[in-house]
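Here are the chains, one letter per residue:
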Amino acid sequence: MIEVRTELTEARMLAFNKSQAVKLIWVPFLLTALMATLGIVYTVKMGELAYGISMIVFGLLMPVLFFFLTDRLMKKSIKNSPVLSGHPVQIFRFADEKVTLSESSNVVATSDTEFAYTAFIRAEEKKTAYYLFIGKAQAYILDADGFTSGTRAELNDLLSQKLANRFKPLQKSK
């Protein structure tokens, strides 16, 4: 049996949210390219200098706005999260046939939930955490240093066996 204890904190939640936001980084840059192209077309082909320049400037501001607004919204939503107010602790117990999650906090009584491995659509190992996804961008966060029984290598083996190609282990740097 592998057991991992995780205290949910603002820092852990923010790290997860940032890891998900990075996957959308291409959106503001695509919009930048589109706005710049339209700006050039309006300026050169249609002679609309003011409109063309404003399109180019707005396009160049898109990544800055994306990063600033995303960061502010993530921090604000986490700071106001009722989930974190009770200092929640989650203990994951990995067995061959199922995963058991015990949750407790200052405001909620301890509760246990059992999952079949098929409940996880994918899993990712990071330096400081594991993410067990139950939705496209919704995941349980496991502290990579929270092992109270078993090891990181054993969890990697189990997740590789149970999730196959849906488990993405940490890429070792060369």
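Heads up: the structure comes first, above all this text.
Remember, predicted model here, so these are calculated numbers, not experimental data.

### Thoughts on the overall build of the protein chain
Assigned secondary structure in the protein chain consists of four helices and nine strands. When the helices and strands of the protein chain are listed from N to C terminus, the series reads β-α-α-α-β-β-β-β-β-β-β-α-β. Its C-alpha atoms give the protein chain a radius of gyration of 22 Å, clearly above 16 Å, the size a compact globule of 174 residues would have. Taken along the three principal axes of its C-alpha coordinates, the protein chain extends 70 × 40 × 30 Å. A buried classification covers 34% of the 174 residues belonging to the protein chain. Partitioning the contacts of the protein chain with sequence separation of at least 6, the portion at a separation of at least 24 is 55%. For the protein chain, the accessible surface area stands at approximately 10800 Å², while carbon and sulfur atoms represent 62% of it. Of the side-chain charges in the protein chain, 21 are positive and 16 negative, and the distance between the mean point of each set is 9 Å.

### Thoughts on the environment of arginine 12
Looking at the secondary structure, you find arginine 12 in helix α1 (residues 10-21). Here arginine 12 is in contact with Thr6, Glu7, Ile141 and Asp143, once residues within four sequence places are set aside. Here aspartate 143 takes part through its side chain, which lies 2.6 Å from a polar atom of the side chain of arginine 12.

### Things to note about the packing of aromatic side chains
On inspection of all chains with the given rule, the structure shows ten aromatic pairs. Across from the ring centre of phenylalanine 133, 3.7 Å away, lies the NZ or CZ of arginine 122, which sits over that ring.

### Considerations on the sheet that holds strand β5 (residues 122-125)
Spatially, the four strands line up as an open sheet ordered β7-β6-β5-β9, and their pairing is mixed. Of all strands in the sheet, those with a lone pairing partner are β7 (139-143) and β9 (167-168), marking the two edges. Sheet analysis places β5 next to β9, joined by two bridges and oriented parallel. Bridge pairing in β9 links glutamate 124 to lysine 168. The strands touched by helix α4 (residues 152-163) within the sheet are β5, β6 (129-133), β7 and β9, with β6 carrying the most contacts at an inclination of about 20°.

### Topic: the packing of helix α2 (residues 26-45) against helix α3 (residues 49-79)
Relative placement of two packed helices is described by the angle separating their axes and the distance separating the axes. Where α2 meets α3, the closest approach of the two axes is 7 Å, and the angle between their N-to-C directions is 170°. When the axis of α2 is compared with that of α3, the two are roughly antiparallel. Partitioning the contact of α2 with α3 into residue classes produces 19 nonpolar, five polar and no charged.

### Examining the nonpolar core
In terms of nonpolar packing, the biggest core is built from 21 residues, with Phe94, Leu132, Leu142, Leu155 and Leu159 touching the most fellow members. Among the secondary structure elements, those contributing two or more residues to this core are β1 (2-7), β2 (89-94), β3 (99-104), β6, β7 and α4. Here this core gets four residues from one element, more than from any other, and that element is α4. Not counting the four nearest positions on each side in its chain, leucine 132 is found in contact with Phe92, Phe94, Phe120, Arg122, Ala123, Gln138, Ala139, Tyr140, Leu142 and Leu159.

### Some remarks on the pairing of β5
Here four bridges tie β5 to β6, and the two strands are oriented antiparallel to one another. Each bridged residue has a counterpart across the sheet, and for arginine 122 the counterpart in β6 is phenylalanine 133. Linking two consecutive strands that pair antiparallel, namely β5 and β6, is a turn of three residues.

Rules used in this analysis
- Residues numbered from 1 in each chain as written.
- Predicted model: local features only at pLDDT ≥ 70, side-chain atom pairs only at ≥ 80, totals over all residues.
- Heavy atoms only, no water.
- Helix = DSSP H or I, 4+ residues; strand = E, 2+ residues; numbered from the N terminus.
- Rg over C-alpha atoms; globule rule 2.2 N^0.38 Å.
- Buried < 20%, exposed > 50% of the residue type's maximum accessible area, 1.4 Å probe, protein only.
- Contact = heavy atoms within 4.5 Å.
- Areas by Shrake-Rupley, 256 points an atom, 1.4 Å probe, with all protein chains shown as cover.
- Lys, Arg positive; Asp, Glu negative; His and termini not counted.
- Charge placed at Lys NZ, Arg CZ, Asp CG, Glu CD.
- Polar contact = N/O pair within 3.5 Å; in protein donor to acceptor, adjacent residues only side chain to side chain.
- Phe/Tyr/Trp six-rings, centres within 6.5 Å; stacked < 30°, edge-to-face > 60°.
- Lys NZ or Arg CZ within 6 Å of the ring centre and 35° of its normal.
- Pairing = 2+ DSSP bridges.
- Axes fitted to C-alpha atoms, helices over the stretch in contact; angles between N-to-C directions.
- Parallel < 35°, antiparallel > 145°, perpendicular 65-115°, else oblique.
- Nonpolar A, V, L, I, M, F, W, Y, C, P; charged D, E, K, R; others polar.
- Core = buried A, V, L, I, M, F, W, Y, C linked by side-chain atoms within 4.5 Å.

By themselves, these are just geometric observations and shouldn't be taken as functional.
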